[in-house]
Amino acid sequence: MLQFTDNALTTSGDSSADLHVFEIGDAVEAMLISISTNTVDWIDLGRLSGQPTSIDIDGVTGVVSGAAYSYVRIIDDPNSGPSGGVYSGADIDAVGAISSTAPVTPVPLPATGLMLVGALGALASAKRRKRKQS
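This one's a predicted model, so the numbers in the text were calculated from it and none came from an experiment.

Here the focus is the sheet that holds strand β1 (residues 2-3). The 4 strands are arranged β1-β7-β4-β5 in an open sheet whose pairing can be described as antiparallel. Edge strands, defined here as strands with exactly one partner in the open sheet, are β1 and β5 (42-48).

Next up, the structure:
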């Protein structure tokens, strides 16, 4: 599994490729690809093969338009390439989120609470000023 940290994979809104996987080596071996927003719920993108290979995620069942997929899981297809040996399986060189967005960064709960307390304090202060003016 890999995680994009300064961007996230998202849909392009058209039929262009959203994700590129670059394999190296003499043998072209297939891999099983899935994506996730949280490492718990995975969306299977299917079996890919090629040097490089690309996929448009827009039409894949379960993919939500505009969602930020920070995680990609790549598993060697056991039915592909030469069988056995330490060098069997896809040799991944790079993975690129061609259609990407900034990842969603949740505001930590303590900071959220402080913002709420500050906003309530500002409202109370505004009410006091309004009463004094009346």
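On average, residues of the protein carry a pLDDT of 82, and 77% of them reach 70 or more. Element-level mean pLDDT values for the protein span from 67 in helix α1 (residues 109-133) up to 94 in strand β4 (residues 31-36).

Relative to the assigned elements, glutamate 23 resides in strand β3 (residues 19-23). Buried charge glutamate 23 goes without a salt bridge, the closest partner of opposite sign being arginine 47 at 9.9 Å. Of note is the side chain of glutamate 23, whose polar atom sits 3.3 Å from the backbone nitrogen of glutamate 29. A distance of 3.4 Å separates a polar atom in the side chain of glutamate 23 from the backbone nitrogen of aspartate 91. Those residues in contact with glutamate 23, other than ones at most four positions away along the chain, are Val28, Glu29, Met31, Gly50, Gln51, Ala90, Asp91, Ile92 and Asp93.

Moving on, we come to the packing of aromatic side chains. Tallied over the entire structure, the rule returns 0 aromatic pairs. One Lys or Arg, arginine 73, reaches over the ring of tryptophan 42 and ends 4.2 Å from the middle of that ring.

Another aspect to go through is the sheet that holds strand β8 (residues 92-97). If you trace the 3 strands from one edge of the open sheet to the other, you get β6-β3-β8, paired in antiparallel fashion. Where the open sheet ends on each side, the last strands, each with one partner, are β6 (53-55) and β8. Ignoring strand direction, the axes of neighbouring strands in this sheet form an average angle of 15°.

What follows deals with the environment of alanine 68. Inspection of the secondary structure puts alanine 68 in the loop between β6 and β7 (71-76). Taking the C-alpha atoms as reference points, alanine 68 and threonine 11, 57 residues apart in sequence, are found 8.5 Å from one another.

Calculation notes
Residues numbered from 1 in each chain as written. Predicted model: local features only at pLDDT ≥ 70, side-chain atom pairs only at ≥ 80, totals over all residues. Heavy atoms only, no water. Pairing = 2+ DSSP bridges. Helix = DSSP H or I, 4+ residues; strand = E, 2+ residues; numbered from the N terminus. pLDDT = per-residue confidence, 0-100. Buried < 20%, exposed > 50% of the residue type's maximum accessible area, 1.4 Å probe, protein only. Lys, Arg positive; Asp, Glu negative; His and termini not counted. Salt bridge = Lys/Arg side-chain N within 4 Å of Asp/Glu carboxyl O. Polar contact = N/O pair within 3.5 Å; in protein donor to acceptor, adjacent residues only side chain to side chain. Contact = heavy atoms within 4.5 Å. Phe/Tyr/Trp six-rings, centres within 6.5 Å; stacked < 30°, edge-to-face > 60°. Lys NZ or Arg CZ within 6 Å of the ring centre and 35° of its normal. Axes fitted to C-alpha atoms, helices over the stretch in contact; angles between N-to-C directions.

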